[in-house]
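Structure at a glance
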Amino acid sequence: MASNRVRGGASYSVAEETLELRSVDLQSPRNNKEHHTREMGLKRLIVRRGQSFELQLHFNRPFHFGADYLTFVAETGPAPMELLGTRATFSLTQARKGNVWSAFDFTIDTNSLIVSLFTPANAVIGPYSLKIEISQDQGHSVAHPLGTFILLFNPWNAGMTCSHAVMLT
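What counts, and at which threshold
- Residues numbered from 1 in each chain as written.
- Predicted model: local features only at pLDDT ≥ 70, side-chain atom pairs only at ≥ 80, totals over all residues.
- Heavy atoms only, no water.
- Helix = DSSP H or I, 4+ residues; strand = E, 2+ residues; numbered from the N terminus.
- Contact = heavy atoms within 4.5 Å.
- Pairing = 2+ DSSP bridges.
- Axes fitted to C-alpha atoms, helices over the stretch in contact; angles between N-to-C directions.
- Phe/Tyr/Trp six-rings, centres within 6.5 Å; stacked < 30°, edge-to-face > 60°.
- Buried < 20%, exposed > 50% of the residue type's maximum accessible area, 1.4 Å probe, protein only.
- Lys NZ or Arg CZ within 6 Å of the ring centre and 35° of its normal.
- Patch = residues over 30% accessible without salt bridge, like charges linked within 9 Å, V, L, I, M, F, W, Y side chains within 5 Å.
- Areas by Shrake-Rupley, 256 points an atom, 1.4 Å probe, with all protein chains shown as cover.
- Salt bridge = Lys/Arg side-chain N within 4 Å of Asp/Glu carboxyl O.

Focus on the environment of F106
- Within the secondary structure, F106 is located in strand β8 (residues 102–109).
- The spatial distance from the C-alpha of F106 to the C-alpha of A95 is 9.1 Å, given a sequence separation of 11 residues.
- The residues contacting F106, other than those within four sequence positions of it, are F65, L92, T93, Q94, L113, I114 and V115.

Structure, rendered in structure tokens:
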């Protein structure tokens, strides 16, 4: 059964079929090139903090912003905790929210979604696991692993500060 929704004054029909993740493309070759890490390999995702990267999600049906909700979870370390900065939970939004973990600047293409993820300049560096929680109308959510990535220091990021600055005279 379908329901009608209104977005931007236009009515559209949304099938009550649950949004299901079919596959994910971490776009490692492209992202690694943009993050100056392709010399470290192209098969695994290696990115630098303070810089966004893209991934592509493939679903069983088109994604509907405002009816379907995506929450990303990035974790590192043996016991990830938000308080320690080793766990981040962030929802898909239309614009980046400053120097915090963000999922933004998305493009919907048939049954796929291309989304940019941003890691803050002060994020903990190391290996991360990334998963997504999918829900509809703020209802029950289903979690899916998206893959892993390595987050590195970013010497090109102007927002980085050194806690041990060396002054040359």
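Side note on the sheet that holds strand β9 (residues 112–118)
- Pairing is antiparallel in the open sheet, where four strands are placed in the order β3-β5-β9-β8. Since the sheet does not close on itself, it has two edges, and those belong to β3 (21–25) and β8, each with one partner. Averaged over all pairs of adjacent strands, the angle between strand axes in this sheet comes to 25°, irrespective of strand direction.
- As paired elements, β3 and strand β5 (residues 52–59) share four bridges and run antiparallel to each other.

Describing the packing of aromatic side chains
- Applying the stated criterion across every chain yields a total of eight aromatic pairs.
- For the pair F53 and F149, a centre-to-centre distance of 5.6 Å together with 50° between the ring planes defines the contact as tilted. Taken together, the positions of F53 in strand β5 and F149 in strand β11 (residues 142–152) put the pair 96 residues apart, joining distant regions of the chain.
- Summarising the aromatic geometry, the rings of F65 and F106 are spaced 5.0 Å apart at their centres and angled 35° between planes, so their arrangement reads as tilted. With F65 in the loop between β5 and β6 (68–75) and F106 in strand β8, this pair connects stretches of sequence that are 41 residues apart.
- Under the relative-accessibility criterion, F65 is labelled partly exposed at 26%.
- Aromatic rings pair up to connect F53, F72, F90, W101, Y128 and F149 into one cluster.
- Above the plane of the ring of F118 lies R96, whose end atom (NZ or CZ) is 3.8 Å from the centre.

Quick look at the environment of L42
- Looking at the element boundaries, L42 is found in the loop between α1 (28–34) and β4 (45–48).
- Overall, L42 belongs to the partly exposed group, its relative accessible area being 42%.
- Considering only alpha carbons, one finds L42 and N32, 10 residues apart in sequence, at a separation of 6.7 Å.
- Contacts of L42, omitting those with residues within four sequence positions, involve S28, P29 and N32.

Quick look at the pairing of β11
- Summarising the sheet, β4 and β11 pair through four bridges and their orientation is parallel. Paired with R48 across the two strands is L152, which belongs to β11.
- In this sheet, β11 lies alongside strand β10 (residues 126–136) in antiparallel orientation, the contact comprising nine bridges. What sits directly across from I132, in β11, is H144.

Overview of a nonpolar patch on the surface
- Taken together, the side chains of M81, L83 and L84 make up a nonpolar region of the molecular surface, amounting to roughly 360 Å² of accessible area.
- Here L84 lies in the loop between β6 and β7 (87–91).
- Here L84 falls in the exposed class, since its relative accessible area comes to 56%.

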